[in-house]
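Descriptive analysis of the structure
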Protein chains: 2
Amino acid sequence: MESQTEISKIGEFGLIDRITDGITHRNSSTVAGVGDDGAVLHYPDTEVLVSTDLLVEGVHFDLTYVPLKHLGYKAAVVNFSDIYAMNGTPRQITVALGISSRFTVEHIEELYAGIRLACEIYGVDLVGGDTTASRSGLVISVTCIGNAAKDKIVYRSGAKDTDLICVSGDLGSAYMGLQLLEREKVASGGDKDFIPKFDGKEYLIERQLKPEARRDIISELAQAGIVPTSMMDISDGLSSELLHICKASDVGCRIYEDRIPIDYQTAVMAEEINMNLVTAALNGGEDYELVFTVPLHCHEQIEKMNGVKVIGHITKPELGCALITRDGVELELRAQGFNHMPDKTE
Amino acid sequence: MESQTEISKIGEFGLIDRITDGITHRNSSTVAGVGDDGAVLHYPDTEVLVSTDLLVEGVHFDLTYVPLKHLGYKAAVVNFSDIYAMNGTPRQITVALGISSRFTVEHIEELYAGIRLACEIYGVDLVGGDTTASRSGLVISVTCIGNAAKDKIVYRSGAKDTDLICVSGDLGSAYMGLQLLEREKVASGGDKDFIPKFDGKEYLIERQLKPEARRDIISELAQAGIVPTSMMDISDGLSSELLHICKASDVGCRIYEDRIPIDYQTAVMAEEINMNLVTAALNGGEDYELVFTVPLHCHEQIEKMNGVKVIGHITKPELGCALITRDGVELELRAQGFNHMPDKTE
């Protein structure tokens, strides 16, 4: 193990110097970044998009199996995902950290290495933040700022009767990755030399620990000249997001079980833990795929796109929201959810 | 006590509905607020300013004596203060909350009542956020977005030799308010019927529990046609902020003990707890006053301004940063600080 430096040795300002060392800006919209009371941005020709997320240790992540660098990467990427879900481009992030005393300078550098790697890959500038103490574990709040032309912004509320419902990638794999990590954590019994069994399930682990935001889909849609009528990223599960879209758009929907994209490893894992596969795909969280709707006439173009699948269609509101099973049964869609809200176990 | 509703009863989305009910927008820069993956803002003619803060229970606030409504108000106002410190106007905030299970729906509504009151008074729109569970107490992350014309933005880095150093309001009172609240908390011994002794020290309590951001000073400066050469808000103590300005501007400074604005109640409290008054004024945190520098020729105008005092001047860098005491002794300025970073007491 490398030598570790207590944060109290270098203080808050010393820590900030370390984690912001060598930061450069990629976007012309970034006028001034870290080092003042606020960042200064410049968006004369487009709308500005803002999204924020809070990640709390013990609720959103377990550092027993989540490496800090991966955590930093994920914390940044899930915020980029929100901006893509508005059909925008993420440009800047601010990062506020609450740090408890068991974390060293090197730990925080690891976390920032992940944040900065995500910024590099997605072309985003780290422009500000806050670092403070926390009484209990790590708290990460990321705010992402992005932009889009006014007529290209996609809200939740624009879905229309007969629109096609499309989903990128596959669903349920991040959730199954979490189940796998939890299973091996239990199996390890806390033994640090324990070697977890991930053979043949690497994809699930990757989906949970190192999700990517679907910039490629946004770019494909733009190239095809398609502006979706509604869009969200799938963080709480497809059911929950679709219900949001239908509520905001005042429409109903039909999706088809046999159209839900599911990876082979997800299916294997579901069988191993004796879980209903479709439930996992509909309600497992943290996929960070996109669900969006397009007018019916886009059908041919959408069919040609890589990594996008049509899973159903929008209906009139009075028809409600339902899943059609393989044997033709209509089940009402419910957000069983992936709930990060307080239960009674503080 | 009013009846209390467990958050789990109404769920995350139910809670969001409650706390965002009836939200309206005051600023033309707000295109779309809560209810989508991100907020949509419009800033065609000015620069965009962004600032973020994280407040953690047990580190930044103690709910034994801080009412939730006051906490919400303060969490919002301290972020507005950062935008004013850039010579800008706050326009939008996002609020991310980590909530542990001991908080009820009514508690969170109280907190939001404070946030919304601050927004109303300062003309700011609440445009987004995140609510999630926390394993231990309340976590509040606020990001504030504001704007300013490019040539009006004030950085830390513009102070020049011979500039006057100015401070708004008075210093050390918020810190003394904290000492007073802590003293009475200890005296109460946890007895809920205990009546704390705040007589004659109401101002200190107000400064700690309900700070205001100095919008009035920003407005006075604008009316006088003065753009400060550098500015910060005083959150960590005057010494710390002045050292930041001097470092960023590559200059030194001299401030004069007998010019430091101190309220009578602050002086009384310092004597009661046997603390050096100037130390409290220089290093006590959370004043949320403004420290700024202006060219020497602004002297007369500044002298006429309400609530602003010239406390010293900027020097060449080789002279360092010093306080001149009443008896003419030069003491090096140090940031003893009001440190919210981890110590070894997790």
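These numbers were taken from a predicted model, which means no experiment stands behind them.

Observations regarding the sheet that holds strand β13 (residues 330-332) of chain B
Residues and elements named next belong to chain B. Sheet architecture is open: 7 strands sit in the order β8-β10-β7-β11-β9-β12-β13, paired in mixed fashion. At either margin of the open sheet sits one strand with a lone partner, and together these are β8 (230-233) and β13. Shown here is a sheet whose adjacent strand axes are inclined to one another by a mean of 25 degrees, direction ignored. Inspection of the sheet shows strand β9 (residues 252-256) paired to strand β11 (residues 308-315) by 4 bridges, in the antiparallel sense. Opposite Cys-253, over in β11, you have Ile-314 as the bridge partner. Packed onto the sheet, helix α6 (residues 215-223) meets β7 (164-168), β8, β10 (290-294) and β11 and runs at close to 15 degrees relative to β10. Packed on one face of the sheet, helix α7 (residues 238-249) meets β7, β8, β9, β10, β11 and β12 (321-324) and runs near 150 degrees to β8.

Quick word on the pairing of β12 of chain B
Residues and elements named next belong to chain B. Here β12 shows two buried faces, one formed by Cys-321 and Leu-323 and the other by Ala-322 and Ile-324. Pairing of β12 with β13, which is carried by 3 bridges, proceeds in the antiparallel orientation. Within β13, the residue paired with Ile-324 across the bridge is Glu-330. Hairpin connection from β12 to β13: 5 residues lie between these consecutive antiparallel strands, with Gly-328 at a positive phi of about 80 degrees.

Focus on the relation of the copies chain B and chain A
For the pair chain B and chain A, the best superposition has an RMSD of 0.0 Å and corresponds to a rotation of 180 degrees with a translation of 0.0 Å parallel to the axis. The transformation just described matches what one would write down for a two-fold rotation axis. Within chain B, Pro-44 of chain B has its C-alpha nearest the rotation axis, a separation of 2.0 Å. In this assembly the copies share their binding face: 100% of the residues contributing to the interface of chain B also contribute to that of chain A.

A word on the packing of helix α4 (residues 173-188) of chain A against helix α5 (residues 202-209) of chain A
Residues and elements named next belong to chain A. The N-to-C vectors of α4 and α5 enclose an angle of 100 degrees; their axes lie 7 Å apart at closest approach. By the angle class used here, α4 and α5 are roughly perpendicular. Within the contact between the two elements, α4 uses Ser-173, Ala-174, Tyr-175, Met-176, Gly-177, Leu-178, Leu-180 and Leu-181 and α5 uses Tyr-203, Leu-204, Ile-205, Arg-207, Gln-208 and Leu-209. When its residues are assigned to classes, the contact of α4 with α5 shows 10 nonpolar, 3 polar and 1 charged.

As for the pattern of salt bridges
Should their charged atoms come close, side chains of opposite charge can pair. Residues and elements named next belong to chain A. By the definition in use, this model includes 41 salt bridges over all chains. One salt bridge in this structure joins Arg-214 and Glu-289, with 2.8 Å as the shortest N-O distance. Of this pair, Arg-214 sits in the loop between α5 and α6 (215-223) while Glu-289 sits in strand β10 (residues 289-294), and the two are 75 residues apart along the sequence. Look at Arg-214 and you get buried, because its relative accessible area is 15%. Through salt bridges with shared partners, a single ionic network connects Arg-207, Arg-214, Asp-216, Asp-287 and Glu-289.

Quick look at the sheet that holds strand β5 (residues 125-133) of chain B
If you walk across this open sheet you meet the 6 strands as β1(A)-β2(A)-β3(B)-β6(B)-β4(B)-β5(B), and the pairing is mixed. Strands with a single pairing partner mark the edges of an open sheet, and in this sheet they are β1 (30-32) of chain A together with β5 of chain B. Averaged over all pairs of adjacent strands, the angle between strand axes in this sheet comes to 25 degrees, irrespective of strand direction. In this sheet, strand β3 (residues 47-56) of chain B lies alongside strand β2 (residues 39-42) of chain A in antiparallel orientation, the contact comprising 4 bridges. Bridge assignment links Leu-41 of chain A to a residue of β3 of chain B, and that residue is Val-48 of chain B. Set on the sheet, helix α2 (residues 68-84) of chain B makes contact with β3, β4 (89-99) and β6 (139-148) of chain B; between it and β3 of chain B the angle comes to about 145 degrees. Running over the sheet, helix α3 (residues 105-122) of chain B touches β4, β5 and β6 of chain B and is turned about 170 degrees from β4 of chain B.

Remarks on the confidence of the model for chain A
Averaged over all residues, the pLDDT of chain A equals 92, while 96% of them reach at least 70. Predicted as a complex, the structure gets a pTM of 0.93 and an ipTM equal to 0.90.

Here we look at the state of the cysteines
Residue and element names in this part refer to chain A. Throughout the structure, instances matching the rule amount to 0 disulfides over all chains. Free cysteine: Cys-119, not disulfide-bonded; nearest cysteine sulfur from Cys-144 at 8.3 Å. Overall, the relative accessible area of 2% leaves Cys-119 in the buried class.

With respect to the nonpolar core
Core analysis: the biggest nonpolar cluster contains 71 residues, and Phe-80, Ile-93, Ile-140, Phe-292 and Ile-302 of chain A have the highest contact counts within it. Sort the elements by how many residues they give to this core and helix α2 (residues 68-84) of chain A lands first, with 9 residues. Residues in contact with Ile-302 of chain A, not counting those within four places in the same chain, are Cys-166, Leu-221, Ile-226, Phe-292, Val-294, Val-308 and Val-310 of chain A. Of all hydrophobic cores here, the second largest spans 70 residues; its members include Tyr-175, Leu-178, Leu-180 and Met-305 of chain B.

Digging into the packing of aromatic side chains
This model, assessed by the stated rule, comprises 4 aromatic pairs over all chains. With centroids separated by 5.3 Å and ring planes inclined at 55 degrees, the aromatic side chains of Phe-80 of chain A and Tyr-122 of chain A adopt a geometry described as tilted. Of this pair, Phe-80 of chain A sits in helix α2 while Tyr-122 of chain A sits in helix α3 (residues 105-122), and the two are 42 residues apart along the sequence. Accessibility assignment for this pair places Phe-80 of chain A and Tyr-122 of chain A in one class, buried. Ring centres of Tyr-84 of chain B and Tyr-122 of chain B lie 6.3 Å apart, and the angle between their planes is 50 degrees; this geometry places the pair in the tilted category. Residue Tyr-84 of chain B is located in helix α2, and its partner Tyr-122 of chain B is located in helix α3; the two are separated by 38 residues in the primary sequence. Of the residues examined, Tyr-84 of chain B reaches a relative accessible area of 3% and is grouped as buried. For Tyr-122 of chain B, a relative accessible area of 6% corresponds to the buried category. Every member of this aromatic cluster is reached through a ring pair, and the members are Phe-80, Tyr-84 and Tyr-122 of chain A. Sitting over the ring of Tyr-73 of chain A, Lys-210 of chain A keeps its end group 4.4 Å from the ring centre.

Parameters at a glance
- Residues numbered from 1 in each chain as written.
- Chains lettered and ligands numbered in written order.
- Predicted model: local features only at pLDDT ≥ 70, side-chain atom pairs only at ≥ 80, totals over all residues.
- Heavy atoms only, no water.
- Pairing = 2+ DSSP bridges.
- Helix = DSSP H or I, 4+ residues; strand = E, 2+ residues; numbered from the N terminus.
- Axes fitted to C-alpha atoms, helices over the stretch in contact; angles between N-to-C directions.
- Contact = heavy atoms within 4.5 Å.
- Buried < 20%, exposed > 50% of the residue type's maximum accessible area, 1.4 Å probe, protein only.
- Least-squares fit on C-alpha atoms with pLDDT ≥ 70 in both.
- Parallel < 35°, antiparallel > 145°, perpendicular 65-115°, else oblique.
- Nonpolar A, V, L, I, M, F, W, Y, C, P; charged D, E, K, R; others polar.
- Salt bridge = Lys/Arg side-chain N within 4 Å of Asp/Glu carboxyl O.
- pLDDT = per-residue confidence, 0-100.
- Disulfide = S-S within 2.5 Å.
- Core = buried A, V, L, I, M, F, W, Y, C linked by side-chain atoms within 4.5 Å.
- Phe/Tyr/Trp six-rings, centres within 6.5 Å; stacked < 30°, edge-to-face > 60°.
- Lys NZ or Arg CZ within 6 Å of the ring centre and 35° of its normal.

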